[in-house]
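Each chain, letter by letter, is given below.
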Amino acid sequence: MINSLSSLVFSHPLIAEASAENGSLVLAGVLLSLVVVYFASKIGGEICARLDLPSVLGELVAGVVVGVSALHLLVFPSADFDASRSLIMQALQMTANLSPEALNSVFESQSEVISVLAEIGVVILLFEIGLESDLKELIRVGYQAAVVACVGVAVPFGLGTAGLMLLFHVPAIPAIFAGAALTATSIGITARVLSEIQRISSKEGQIIIGAAVLDDVLGIIVLAVVAGLAKTGEVQVSSVIYLIISAAIFLIGSLWLGRLVSPFFVTLVNELKTRGQLLVSALIVAFILSDIAVVIQLEAILGAFAAGLILAETEKREELEAQIKPIADMLVPVFFVVVGARTDVSVLNPFDPANHEGLIMSGFLIVVAILGKVVTGFTVFGQPGLNRLAIGVGMIPRGEVGLVFASFGANTGILSDALQAAIIVMVILTTFVAPPLLRLVFQREESAPVLSAPDDI
């Protein structure tokens, strides 16, 4: 059985060459990368915690330090980076003496494993956030969340596209693509901050989470539209309709079916006698829904979030929340450090003349990115006492979602170097400013004096 499993694993095209002689080096590279990830995340998180800042900000900054922007400890294959520029690969090469081709094969394999662990980390994060959320409250604020999501997509997209075309004379298709990069919200970053400041279950938190989930769905649809536009010059209406229908059926159907079968889940878990029966059973549910989401061309995090919402309605909620935390502590930092490590902040260097055009455009995109999301909080009506500014600020970070747009645009040749740099700068700054701003707006609410209502006359 072990031999068959090994042949299955090592048959992967990216590790086939390395596996014959250097499989152990791939493992060594992964382990060294995880040491770097955990060391960096702890140092960054602890520094920010002592400065009363969200620890996720420290993890992102630490990722930048160990990544492509500084130390080159955690880097990933690209046009600019091969194994010779990775310090971890250089360390392995000192003992292995591999050929350049074999070393690059090990590098690609190690990088893919770390990338997969990062994706699993964000799946676990969204599953945990789903457990901490209240499905009834999400349904109750569903209308407000939908309004926030739709405005948060339409306003940045419209302003960004029109502004680039009118002010910077960017051609239509690149301008549309850059405008699309302004639409999506990074639910992972916002959710982590809300969880840290214990605001997930608040009305504002539930509106933000609900809107961010819808934003993610809308972001996928927008990406599909602009991708089709870039490749063929026309929008494939059938693909857009398919994504909208599949997203609606998946979200509504999984929640409805999950509430029906959740009593059977509890009964099954109670009957199991082996160690980890609750945690493993819950992860099976989360991974199945995540896989279904991927199969129908949605994001895995939507399935994980839906699974968390379903299981949060059972009597096992508190026990499961406690058991999932160690798993989240192990995998979630990988995601945030990798996001930081992939971010090249050299595009912020004002002394490089090649960056000037990109920095000017990035200034415009940053203003649109922030204002386009902040205004969403003020579109919520009929909710007295709601912290509308917090809702808008919670929608600001683009994070890994914006980087996906920038990467796709670069790979397809849609974006000029300046416009690609502008998008990256926008992603960096919105990702880094949102966590402290979100904490600040909630702290201001807590410190605001409470005015007593006048006595009735």
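What counts as what
Residues numbered from 1 in each chain as written. Predicted model: local features only at pLDDT ≥ 70, side-chain atom pairs only at ≥ 80, totals over all residues. Heavy atoms only, no water. Helix = DSSP H or I, 4+ residues; strand = E, 2+ residues; numbered from the N terminus. Buried < 20%, exposed > 50% of the residue type's maximum accessible area, 1.4 Å probe, protein only. Contact = heavy atoms within 4.5 Å. Areas by Shrake-Rupley, 256 points an atom, 1.4 Å probe, with all protein chains shown as cover. Phe/Tyr/Trp six-rings, centres within 6.5 Å; stacked < 30°, edge-to-face > 60°. Lys NZ or Arg CZ within 6 Å of the ring centre and 35° of its normal. Patch = residues over 30% accessible without salt bridge, like charges linked within 9 Å, V, L, I, M, F, W, Y side chains within 5 Å. Salt bridge = Lys/Arg side-chain N within 4 Å of Asp/Glu carboxyl O. Expected span 1.5 Å × (residues − 1). 1 Å grid on protein atoms, 1.4 Å probe; cavity = no way out; pocket = protein on both sides within 12 Å on 5 of 7 lines; lining within 4 Å. Points joined across faces, edges and corners; volume = space filled by probe spheres on them. Nonpolar A, V, L, I, M, F, W, Y, C, P; charged D, E, K, R; others polar. Axes fitted to C-alpha atoms, helices over the stretch in contact; angles between N-to-C directions. Parallel < 35°, antiparallel > 145°, perpendicular 65-115°, else oblique. Left-handed = near helix turned anticlockwise from the far one by under 90°. Polar contact = N/O pair within 3.5 Å; in protein donor to acceptor, adjacent residues only side chain to side chain. Core = buried A, V, L, I, M, F, W, Y, C linked by side-chain atoms within 4.5 Å.

Engineer: How should I be thinking about the overall build of the protein in this particular structure?
Structural biologist: A count of helical and extended segments in the protein gives 18 helices and zero strands. Across the 457 residues in the protein, those meeting the buried criterion constitute 52%. Sequence separation of at least 24 residues holds for 77% of the intrachain contacts in the protein that already meet a minimum separation of 6. On the protein, roughly 21200 Å² of surface is accessible, and the fraction owed to carbon and sulfur atoms is 66%.

Engineer: Can you help me understand the packing of aromatic side chains in this one?
Structural biologist: The geometry of an aromatic ring pair is captured by the separation of the ring centres together with the interplanar angle, meaning the angle of the planes. All chains considered together, the criterion is met by two aromatic pairs. Judged by centre distance (4.9 Å) and plane angle (70°), the ring pair of phenylalanine 335 and phenylalanine 336 falls under edge-to-face. Here the guanidinium or amino end of arginine 85 rests over the ring plane of phenylalanine 81, the centre of that ring lying 4.2 Å away. Over the ring of phenylalanine 76 we find arginine 342; its NZ or CZ atom is 4.0 Å from the centre of that ring.

Engineer: I'm lost on a nonpolar patch on the surface in this one. Help?
Structural biologist: Judged by side-chain polarity, Trp256, Leu257, Leu260, Val261 and Phe264 come together as a nonpolar surface patch covering roughly 570 Å² of accessible area. Mapped onto the elements, leucine 260 comes out in helix 11 (residues 237–271). For leucine 260, a relative accessible area of 47% translates into the label partly exposed.

Engineer: Where do I start with helix 7 (residues 142–167) in this structure?
Structural biologist: Residues spaced three or four apart along an α-helix point in a common direction, a consequence of the helix completing one turn every 3.6 residues. The end-to-end C-alpha separation of helix 7 is 37 Å, in line with the 38 Å expected for 26 residues at 1.5 Å each. Of the positions making up helix 7, those classed as buried are Gln144, Ala145, Val148, Ala149, Gly152, Val153, Pro156, Gly160, Thr161, Gly163 and Leu164. Looking at the residues trailing helix 7, positive phi occurs at histidine 169, about 55°.

Engineer: I tried to follow empty space enclosed by the protein on my own but got confused; where do I start?
Structural biologist: Rolled over the atoms, a probe with the dimensions of a water molecule shows which regions are left empty. Inspection of the entire model under this criterion finds one cavity of 30 Å³ or more. There is about 40 Å³ of room inside the largest cavity. Together, Leu60, Val339, Thr343, Val427, Ile428, Thr431 and Phe432 line the largest cavity. Tallied by class, residues from the lining of the largest cavity come to five nonpolar, two polar and no charged.

Engineer: Whenever I open this one, the environment of glycine 63 confuses me. Can you help?
Structural biologist: Relative to the assigned elements, glycine 63 resides in helix 3 (residues 55–66). For glycine 63, a relative accessible area of 0% translates into the label buried. On a C-alpha basis, the gap between glycine 63 and valine 36 in space is 9.3 Å, while along the polypeptide they are 27 residues apart. In this structure glycine 63 touches Val337, Gly340 and Ala341, once residues within four positions along its chain are discounted.

Engineer: Just checking my understanding: could you explain the packing of helix 7 against helix 15 (residues 356–374) for this structure?
Structural biologist: The relative placement of two packed helices is expressed as an angle between their axes plus a distance between the axes. At a minimum axis separation of 8 Å, helix 7 and helix 15 run at an interaxial angle of 155°. Taken together, the axis directions place helix 7 and helix 15 in an arrangement best described as roughly antiparallel. With respect to the hand of their crossing, helix 7 and helix 15 are arranged in right-handed fashion. Across the interface between the two elements, Val151, Gly152, Val153, Val155, Pro156, Leu159, Gly160, Gly163, Leu164 and Leu167 from helix 7 touch Met361, Phe364, Leu365, Val368, Gly372 and Lys373 from helix 15. For the contact of helix 7 with helix 15, the per-class residue count stands at eleven nonpolar, four polar and one charged.

Engineer: What am I meant to see in the packing of helix 5 (residues 100–132) against helix 14 (residues 317–342) here?
Structural biologist: Their axes nearest at 7 Å, the elements helix 5 and helix 14 cross at an angle of 140°. Relative to helix 14, the element helix 5 is oriented oblique. Note that helix 5 runs across helix 14; the crossing there is left-handed. Of the residues assigned to the contact of helix 5 with helix 14, the class counts are 19 nonpolar, two polar and six charged.

Engineer: Would you explain the pattern of salt bridges in this entry?
Structural biologist: Once the charged atoms of two side chains with opposite charge are near each other, the side chains can pair. This model, assessed by the stated rule, comprises five salt bridges. Salt-bridge contacts for arginine 50 lead to glutamate 46; the nearest nitrogen and oxygen are separated by 2.3 Å. Of this pair, arginine 50 and glutamate 46 are both found in helix 2 (residues 16–50), four residues apart, which corresponds to roughly one turn of the helix. Given the relative accessible area of 37%, glutamate 46 is considered partly exposed. Of the charged contacts in the structure, one is a salt bridge between glutamate 313 and arginine 259, with a shortest N-O distance of 3.7 Å. One end of the pair, glutamate 313, is in the loop between helix 13 (300–312) and helix 14; the other, arginine 259, is in helix 11, and 54 residues separate them in sequence.

Engineer: Even after reading the chapter, I still don't get the layout of surface pockets, so can you show me in this structure?
Structural biologist: Reported here for the second largest pocket is a volume of approximately 650 Å³. What lines the second largest pocket is a set of 25 residues, among which Val213, Leu214, Leu251, Ile252 and Leu255 lie closest to the centre. Counting only elements with at least two residues in the lining of the second largest pocket, the list comes to helix 6 (135–140), helix 7, helix 10 (203–232), helix 11 and helix 13. Ranked by the residues each element gives to the lining of the second largest pocket, the list is headed by helix 11, at eight residues. When grouped by side-chain class, the residues that make up the lining of the second largest pocket number 22 nonpolar, two polar and one charged.

Engineer: Please explain the side chain of glutamine 110 as it appears in this structure.
Structural biologist: By the secondary structure assignment, glutamine 110 is in helix 5. Given a relative accessible area of 3%, glutamine 110 falls into the buried group. Only 2.6 Å separates the side chain of glutamine 110 from the side chain of serine 33, close enough to count as a polar contact. In contact with glutamine 110, not counting residues within four places along its chain, are Val26, Gly29, Val30, Ser33 and Met89.

Engineer: Is there a simple way to explain the nonpolar core in this structure?
Structural biologist: Taken as a class, soluble globular proteins show a tendency for nonpolar side chains to be buried jointly. Counting residues in each nonpolar core, the largest one holds 114 residues, and the members touching the most others are Phe127 and Leu164. Per element, the largest residue contribution to this core is 15 residues, and it comes from helix 18 (residues 417–447). Ignoring sequence-local partners within four residues, the contact set of leucine 164 consists of His169, Val170, Ala175, Ala178, Met361, Phe364, Leu365 and Leu419. Counting residues in each nonpolar core, the second largest holds 29 residues, with Leu34, Val68, Val75 and Ala341 among its members.

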